[in-house]
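# Analysis of the macromolecular model
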Amino acid sequence: MVDILNSLTLLTNYIIIPGLTYGSQLALGALGITMVYAVLRFSNFAHGELMSFGAMSTILITWLFQSYGLTFGFLPTALLAIPFAATITILYCLATNSLVYEYYREKKIDPTTYLIISVGVLFFTAGLIRFIIGPDDRKFNDGNRFILKAREFKELTGLNEGLAIKTTQGITIGITICLVILLFWFLNRTRTGKSMRAYSDNEDLALLSGINPKKVVIITWVITGILATVAGALYGLDKSYKPFIYMYLVLPVFASAILGGVGNPIGAIVGGYVIAFSELIFTFAYKKVAGYLLPESLAPTGLIQFLSTDYKIAVSFVILVIVLLVKPTGIFSGKTI
Amino acid sequence: MISTKRKVFLFSFMGLALVCVGLLQSWNVALAIFNMCIISAIMTLGVNIQWGYAGLFNAGIMGFTIIGGLAAVLVSIPPVEATWAVGGTNILLGLIILITTILIAITVWKKTKSLERYRYLPTILIIIIGYALIRITTGPAIEAIENTEAAKTGYLGGLGLPILLSWIVGGVFAAGVAWVIGKITLELRSDYLAIATLGISGIILYIVKNEDWLTRGVKNVNGIPRPVPYEINLQNELWFQNLATFINVPVRDFSTIFVKCCYSALFLTVLFFFVWLSEKALRSPWGRMMRAIRDNEIAARAMGKNVSKRHLQVFVLGSAMIGVAGAMMTTLEGQFTPMSFTPLRYTFVIWVMVIVGGSGNNLGSILGGFLIWFFWVESEPIGIWLISSTTGILADNHPVRVHLIESVAHMRYMTMGIILLLVLRFAPKGLIPEEKL
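Residues numbered from 1 in each chain as written. Chains lettered and ligands numbered in written order. Predicted model: local features only at pLDDT ≥ 70, side-chain atom pairs only at ≥ 80, totals over all residues. Heavy atoms only, no water.

### A word on the overall build of chain A
- Looking only at helices and strands, one finds 13 helices and two strands in chain A.
- Its C-alpha atoms give chain A a radius of gyration of 21 Å, near enough to 20 Å, the size a compact globule of 337 residues would have.
- Judged by the C-alpha coordinates and their principal axes, chain A covers about 70 × 55 × 35 Å.
- Looking at chain A residue by residue over its 337 residues, the buried ones come to 56%.
- Of the contacts made within chain A by residues no fewer than 6 positions apart, 76% connect residues no fewer than 24 positions apart.
- Placing the 25 positive and 18 negative side-chain charges of chain A at their respective mean positions leaves the two points 5 Å apart. (Helix = DSSP H or I, 4+ residues; strand = E, 2+ residues; numbered from the N terminus. Rg over C-alpha atoms; globule rule 2.2 N^0.38 Å. Buried < 20%, exposed > 50% of the residue type's maximum accessible area, 1.4 Å probe, protein only. Contact = heavy atoms within 4.5 Å. Lys, Arg positive; Asp, Glu negative; His and termini not counted. Charge placed at Lys NZ, Arg CZ, Asp CG, Glu CD.)

As structure tokens, this is what we get:
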């Protein structure tokens, strides 16, 4: 019995909690891509950099607050900074929209050209971020590091294995739940949200009903800005902020969005968690778990690992490619929000 | 029809810019830029026949460049006897198992159509068994190889053949990989194709970064043999010293310039060959068919053209060119450094080249390759010059000025973004647009 509990703790500590955290970050990122796809109908390659931009704004404002001696008790100061950072990111989104995207939306250009345009925005944003904050690694997490320490858990339960929950992990999961509930409430219950869904569903019909496309597009960018900032900041808070990592992060995020069905918010969330858990499940070494569960004579000598941890992100690339091949429309197919 | 004047003007502007660098910075820098310009132009040509001729969005350029570079390593580096002794046989065995597994999996997949919904089960089972077998046979061997003099070798090395051969091998490797990728992804919608190829190039990058037994991973492979003489040997040659005194240049400077010129000559030969090939293809019935497919796929299908086959063909050809360019680049650098590959630099910059130069036009691609590479390298010195001349009123150690000078290296990303967005807005067909033939 104790062995089973030990192995469960081990799995919770190394797969379930990190999976939920990373999955939440991916889900938020994928929601941003899905919103842009549903309304503007293109795959936004610049979304990773947008997340990075949001994280950068959060860091800058956190530093500002810290220089005034303002902190958030046992929680990271960055939480206070996120609303302000989101405002900056929204302004940046709206600026790119009116300077770049709006012209092409009115011309009804094909999705591939749109994609190349988003590459241009990607380059510009990447340069801007490195120009402002530099390419180095930044840590901006303060406050308590753990909600539950491994040692405390061991003392509490008397098990061999510890279970640690980092503050950032708790925050990530909590904020994601709140934000997702808010988003669904907005899309399903408010007039503006409904007009967005209508526009995404059938553009011409929505225009006939008197929905203002410009307003819909602006609201979309506002939501995308908020989602990107929160996702980027939480990822940076949980790991550490490195500008170049977001270029790679955009692929797992795309994988999540496509896996669930691009344009479908529920799909994006489910996709995020599926990708996160598969990355962890395929790269976790099960040696210790097997040691607890199997009799001693059968104890394994190897690590029992499907792939080395170096291939963590590559797992999501593989899933991405497989999904595109087997069911490109995703699990929850259909492009509705 | 674009006037010849415009082409002449654009190309002479490009030449003038390079000469300016030669005069203002040094001829060494100018030639180094020129050599990379040629390599970029070849990559751009490759992408151009995929995008410009056939409308395929390949975002996996980095992957094919890496494969080309890997070919340079595998062909030219002499084999490492010690590592072959400890693990060579098991690696070869693993390779045989891999090929057998793939063959059996494909056969089973084809033969089990009757299972319908559960069709994937037997195939997956075979793949899992094959993977387990490979891990069992190669696992210890890989460990042994990687631990053999890890600081110096720790990998199998290559075949020790002349490096020039690797340019062809790089093309063949890239073509082979492109065939596999194309076979599975080309049926996708264009933006999904872009995402899929971007993902696959990421997988290729992770493989070369982590499979140390093959590529030394992040430890890099140095000392790849050269196709041209070494500076130090040249400096000791009597005829070379005489030549240097004859044209009145210090022997050391002249040797580096001479070596770079040798590279340029080799690269230009390849470039001319590919341009000739691409132009021939563009003006042939095959080129007409490709454009017809690009402009109206349904009509082309109705005319009995096999669109999937043609797409695969053009994807393989373009990728082969990129592979050759990748092998050339590794040859020029003399080392293979997996860490240096990023999608921004090796995929999206090439895309900027294609769009800016003019998709569908080979001359345009070359111009794009030259122009964008020039700005990619020179945006840093130009940026420093701009900042020091505009912030002249600020003191030398003013924090704003210091920060600007420090971050000037990142100007290149912004420059790329701005150039791409401006060209798409005001000259969406590129500097030298596609010609009506």
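### Here's the deal with the overall build of chain B
- From N to C terminus, chain B includes 18 helices and zero strands.
- Its C-alpha radius of gyration of 24 Å places chain B within 12% of the 22 Å reference for a compact globule of 437 residues.
- Dimensions of chain B along its principal axes, counting C-alpha atoms only, are 75 × 60 × 50 Å.
- Looking at the 437 residues of chain B, the share that counts as buried comes to 51%.
- Accessible surface computed for chain B: about 20,500 Å², of which carbon and sulfur atoms make up 69%.
- Where the 33 positive side-chain charges of chain B centre and where its 22 negative ones centre are 12 Å apart. (Areas by Shrake-Rupley, 256 points an atom, 1.4 Å probe, with all protein chains shown as cover.)

### Comments concerning the interface of chain A and chain B
- Each side of the interface is counted separately: chain A has 44 residues, and chain B has 48 residues.
- Together, I116, F123 and F131 of chain A form the three largest contributors to the area buried by chain A at its contact with chain B, with a combined 18%.
- Where chain A meets chain B, there are zero salt bridges.
- Counting the contacts that link chain A with chain B gives seven residue pairs in polar contact (both at pLDDT 80 or more).
- Those elements giving two or more residues to the side of chain A that touches chain B turn out to be helix 3 (78-107), helix 4 (111-133), helix 10 (245-260) and helix 13 (312-326) of chain A.
- The element contributing the most residues to the side of chain A that touches chain B is helix 4 of chain A, with 16 residues. (Buried area = accessible area lost by both parts, 1.4 Å probe. Salt bridge = Lys/Arg side-chain N within 4 Å of Asp/Glu carboxyl O. Polar contact = N/O pair within 3.5 Å; in protein donor to acceptor, adjacent residues only side chain to side chain.)

### Examining a nonpolar patch on the surface
All names here are of chain A.
- Judged by side-chain polarity, M1, V2, I4, L5, L8, L293, L294 and L298 come together as a nonpolar surface patch covering roughly 780 Å² of accessible area.
- Counting residues per element, the nonpolar patch draws most heavily on helix 1 (residues 2-40), at four residues.
- Within the fold, L298 resides in the loop between helix 12 (287-293) and helix 13. (Patch = residues over 30% accessible without salt bridge, like charges linked within 9 Å, V, L, I, M, F, W, Y side chains within 5 Å.)

### Some thoughts on the environment of F267 of chain B
Residues and elements named next belong to chain B.
- Secondary-structure assignment places F267 in helix 11 (residues 251-283).
- For F267, a relative accessible area of 0% puts it in the buried group.
- Separated by 61 residues in the primary sequence, F267 and M328 place their C-alpha atoms 7.8 Å from one another.

### Here we look at the packing of aromatic side chains
- Considering all chains together, one arrives at 36 aromatic pairs over all chains under this definition.
- Ring geometry for Y101 of chain A versus W221 of chain A: centroids 5.4 Å apart, planes at 15°, classification stacked. Within this pair, whereas Y101 of chain A is found in helix 3, its partner W221 of chain A is found in helix 9 (residues 213-238), the two being separated by 120 residues in sequence.
- Taking relative accessible area as the criterion, Y101 of chain A reaches 1% and is therefore assigned buried.
- For W221 of chain A, a relative accessible area of 1% gives the class buried.
- Ring geometry for W51 of chain B and W351 of chain B: centres 5.5 Å apart, planes at 70°, overall edge-to-face. Taken together, the residues W51 of chain B in helix 2 (residues 27-53) and W351 of chain B in helix 15 (residues 343-357) connect sequence positions 300 residues apart.
- Residue class for W51 of chain B comes out buried when judged on its relative accessible area of 16%. (Phe/Tyr/Trp six-rings, centres within 6.5 Å; stacked < 30°, edge-to-face > 60°.)

### Concerning the side chain of S40 of chain B
- Among the secondary structure elements, S40 of chain B is positioned in helix 2.
- Beyond its immediate sequence surroundings of up to four residues, S40 of chain B is in contact with M353, G369 and W373 of chain B.

### What about the packing of helix 2 of chain B against helix 14 (residues 307-333) of chain B?
Residues and elements named next belong to chain B.
- Axis separation between helix 2 and helix 14 bottoms out at 7 Å; the angle between their running directions is 165°. Here helix 2 is positioned roughly antiparallel relative to helix 14, judged by the angle of their axes. The handedness of the crossing between helix 2 and helix 14 comes out as left-handed. Taking contact as the criterion, the partners of N35, M36, I39, I42, M43, L45, G46, V47, I49 and Q50 in helix 2 are, on helix 14, V314, F315, L317, G318, S319, M321, I322, A325, G326, M328, M329 and L332. (Axes fitted to C-alpha atoms, helices over the stretch in contact; angles between N-to-C directions. Parallel < 35°, antiparallel > 145°, perpendicular 65-115°, else oblique. Left-handed = near helix turned anticlockwise from the far one by under 90°.)

### Some remarks on the pattern of salt bridges
- Tallied over the full model, the rule gives 16 salt bridges over all chains.
- Residues joined in a network through salt bridges with shared partners are R41, K108 and E203 of chain A.

### Focus: the nonpolar core
- One finds F45, F123, Y241 and I258 of chain A together with F336 of chain B to be the most contacted residues of the largest nonpolar core, which totals 211 residues.
- Tallying contributions element by element places helix 2 of chain B first for this core, with 14 residues.
- Discounting chain neighbours no more than four positions away, the residues touching Y241 of chain A are S52, A55, M56, I59, I129, I133, D136, D137, R138, F140, G236 and Y246 of chain A. (Core = buried A, V, L, I, M, F, W, Y, C linked by side-chain atoms within 4.5 Å.)

### Some details on the packing of helix 7 (residues 191-201) of chain A against helix 9 of chain A
Residue and element names in this part refer to chain A.
- Here helix 7 crosses helix 9 at 105°, and the two axes come no closer than 10 Å. As summarised for this structure, helix 7 and helix 9 are arranged roughly perpendicular, according to the angle between their axes. For the pair helix 7 and helix 9, the contacting residues are T192, S195, M196 and Y199 in the first and P213, K215, V216, I219, T220 and I223 in the second.
- Of the residues in the contact of helix 7 with helix 9, the class split is six nonpolar, three polar and one charged. (Nonpolar A, V, L, I, M, F, W, Y, C, P; charged D, E, K, R; others polar.)

### Focus: unusual backbone geometry
Residue and element names in this part refer to chain A.
- With phi around 65°, R41 is a residue other than glycine that occupies positive phi space.
- Among the secondary structure elements, R41 is positioned in the loop between helix 1 and helix 2 (47-67).
- Among the residues examined, R41 registers a relative accessible area of 22% and is labelled partly exposed.

### Let's talk about helix 5 (residues 120-147) of chain B
All names here are of chain B.
- When the terminal C-alpha atoms of helix 5 are compared, their 39 Å separation across 28 residues agrees well with the 40 Å that a helix rising 1.5 Å per residue should span.
- Residue T138 marks the point of greatest curvature in helix 5, where the axis turns by about 40°; the proline P140 follows within four residues.
- Tucked into the core, helix 5 has its buried residues touching helix 4 (81-111) and helix 8 (212-215).
- Taken from the residues just after helix 5, E149 is the one with a positive phi, measuring 45°. (Expected span 1.5 Å × (residues − 1). Bend = angle between axes of the 7 residues up to and from the residue.)

Coordinates in, geometry out; function isn't part of it.
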